[in-house]
Amino acid sequence: MVRRSFIRNAGLLAGGLLLHDEMARAFSLKGASEKISVGIIGCGDRGRGIIDIMKQLPDRFQVKALCDVLDFRIKEAQAAIPTTKTQNYADYRKLLDDKTIQAVIIATPLNLHFPIAISALDAGKHVYLEKTMTYNISEAKDLVKAVAKFPKLTLQVGHQYRYTPLYYKVKEMIGKGFLGKVTQIDCRWDRNWNWRRPVSNPSLERKINWRMYKEYSGGLAAELLSHQMDFINWAFDTHPDQIIATGGVDFYKDGRETFDNVQAVLRYSEEGMIGNFGATCGNAHDGYLFKLKGTKGTVSLLMNEGAFYPEKGTRKELATVDGTTGATKIEWRADGGIPILKEPAKDGTWYALNDFHKSILTKQPPASNVITGATTSVCVHLANTAMDTNTVQKWNPSYNFS
C-alpha cells in the first residue's frame, strides 16, 4: 500500500474532525431540537456526570426529576442544575409513574440495573442504562427479550467508546487493514487509590461503597475493563470464546469483597487474537493503557488521544509515494508515532447522548444497544466467574444474541 493511499484512507492527517455518518445524521435531523424530558435514577458520581453533559445539550434534554435513596446525593445533583426545579424521589417507581418523564438515565449500583430497566420499559420510558448493562448473564438474556417487546422504545447502554471519534477512527483503521493482522491487545486501567468514598454513618457503608461488595458490584472488570472489552467486540465484530482470569484482595485488607487486583486473558480464536485486560488499585504508573498490536503497526490509545506506531516495513511504505520520497509531510510525534486525530474531541458521553436523542426521535436502535450490551455483560460475567472459581470459562452458543 503506497503512502498516499494509506494517509488518505486512514485520515491520519485530517485537518478537521469528520464525524461518521451516524453522528452526522444525529446533528442534522429534522426536529433534532425537540427536548426530551429526563429523570435521573442514581445521583452519584456518574449520574451527576451525565447531568453535566446534558447541560451542554440544552436543546435536546431537560432534567425534570431526580431519584436516589440517599438524600445528600439528590441535593448534590440539584446543586448541579440550580436554575431547574426538579421533582425528587427516593423510590424510582414513583419517578416512573410521572407521565411527563419521557426517558430515564439509570446510573445505580450494577445489581439494580436490570429491575429498574425492566420497570422503566413497562412504564413506557426510553432508557439510557449505564455499563455494565446487567449484573449477570441470565439478566442479560431476559433484558434482550424484554426490549424486543417494546419496538418504539430506545434502550441504550453506556459504552461510549462506540461514539468517541478517536475510537471510531481506530475501528475504521482496523477495518481497512492498516494495522495488518492484529494478534495482541494490551489493556490496563490502574490507579493507586482504595476506590472508597467517605462514609459519615457506618450504616451507609454498603450503599455508598457498593463497588466493594459482590452483592451489588462486578468490581474492576465491570466498572472499568468492560469499556475496553466492549470496544474489541465492536471493532472486530467478535466476542471471546475462552476466558481465563485471576484476582484477589491483594493490598486493601479493609473488608472489601471485590478484588483490588485483577487480570483476565480473553482468547478470540476465530480472529487469532489474545486480549490482556488488567487493573490494579495499588499502582498508578501506567494509568489508562490500551494497545492494539498488528503486523503493520500498533495503535496506542488514551481516553481522547492516540497514535499509530508503524512497524519497520510500514514505516518504509510511509516514506514513499509512487516511488517519490518525502512528497507529503507526516506529522511525527517525538516518540515515533503519528497522531490519529489532530484535535481532541469532546467527552464520549456527549456523543453517546446525541445518539440517544437521535434514536428516540427516529426509533432506530442506538449503536450501543441491548444486543451489544448483553454481549459485553457476558464477557464481564465470565471473567469474574473465572476469577472466583479458578476455572476456564468458555463461550456458549446461547450467548449469541443477534
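Residues numbered from 1 in each chain as written. Predicted model: local features only at pLDDT ≥ 70, side-chain atom pairs only at ≥ 80, totals over all residues. Heavy atoms only, no water.

## Looking at the environment of L382
Reasoning step 1: Considering the arrangement of structural elements, one finds L382 in helix α13 (residues 370-389).
Reasoning step 2: Placed 139 residues apart in sequence, L382 and I243 show a C-alpha to C-alpha distance of 6.9 Å.
Reasoning step 3: If sequence neighbours within four positions are ignored, L382 has contacts with I137, I243, Q393, K394, W395 and Y399. (Helix = DSSP H or I, 4+ residues; strand = E, 2+ residues; numbered from the N terminus. Contact = heavy atoms within 4.5 Å.)

## What about the packing of helix α6 (residues 113-122) against helix α7 (residues 137-148)?
Reasoning step 1: Taken N-terminus to C-terminus, the directions of α6 and α7 make an angle of 10°; their axes are 11 Å apart at the nearest point. It follows from the interaxial angle that α6 and α7 lie roughly parallel. Contacts between α6 and α7 pair F114, A117, I118 and L121 from the former with E139, D142, L143, A146 and V147 from the latter.
Reasoning step 2: When the residues that make up the contact of α6 with α7 are grouped by side-chain class, the tally is 7 nonpolar, no polar and 2 charged. (Axes fitted to C-alpha atoms, helices over the stretch in contact; angles between N-to-C directions. Parallel < 35°, antiparallel > 145°, perpendicular 65-115°, else oblique. Nonpolar A, V, L, I, M, F, W, Y, C, P; charged D, E, K, R; others polar.)

## Thoughts on the side chain of T298
Reasoning step 1: By secondary structure assignment, the location of T298 is in strand β12 (residues 297-301).
Reasoning step 2: With relative accessibility at 17%, the residue T298 sits in the buried group.
Reasoning step 3: Residues within four places of T298 in sequence aside, it is in contact with K291, L292, K293, A307, F308 and Y309. (Buried < 20%, exposed > 50% of the residue type's maximum accessible area, 1.4 Å probe, protein only.)

## Quick look at the pattern of salt bridges
Reasoning step 1: According to the stated counting rule, one finds 23 salt bridges in the structure shown.
Reasoning step 2: Note that D388 and K214 form a salt bridge whose closest N and O atoms lie 3.1 Å from each other. Within this pair, whereas D388 is found in helix α13, its partner K214 is found in the loop between α9 (205-208) and α10 (219-235), the two being separated by 174 residues in sequence.
Reasoning step 3: Accessibility expressed as a relative area gives 31% for K214, which makes it partly exposed.
Reasoning step 4: With its nearest N and O atoms 2.9 Å apart, the salt bridge here joins D254 to R256.
Reasoning step 5: Its relative accessible area of 7% is what places R256 among the buried residues. (Salt bridge = Lys/Arg side-chain N within 4 Å of Asp/Glu carboxyl O.)

## Details of the confidence of the model for the protein chain
Reasoning step 1: In the predicted model, the protein chain carries a mean pLDDT of 91, and the fraction of residues at 70 or more is 89%.
Reasoning step 2: Segment residues 10-19: pLDDT under 50, and 26 contacts once partners within four positions in sequence are set aside and those in other chains are kept.
Reasoning step 3: Counted against residues more than four places away or in other chains, residues 25-29, with its pLDDT under 50, gives 11 contacts. (pLDDT = per-residue confidence, 0-100.)

## Let's talk about the sheet that holds strand β9 (residues 261-268)
Reasoning step 1: Read across the sheet, 9 strands follow the order β16-β13-β12-β11-β7-β10-β9-β8-β17 without closing on themselves; strand pairing throughout is mixed. Both outer strands of the open sheet, β16 (338-339) and β17 (393-394), are each paired with one neighbouring strand and no more.
Reasoning step 2: With 5 bridges connecting them, β12 and strand β13 (residues 306-310) associate as antiparallel partners. Each residue of the ladder has a partner; that of V299, found in β13, is F308.
Reasoning step 3: Contacting β7 (182-189), β9, β10 (273-280) and β11 (288-294), α10 crosses the sheet at an angle of about 155° to β10.
Reasoning step 4: In the packing of α13 onto the sheet, the strands contacted are β8 (242-248), β9 and β17, and the crossing angle to β8 comes to about 55°. (Pairing = 2+ DSSP bridges.)

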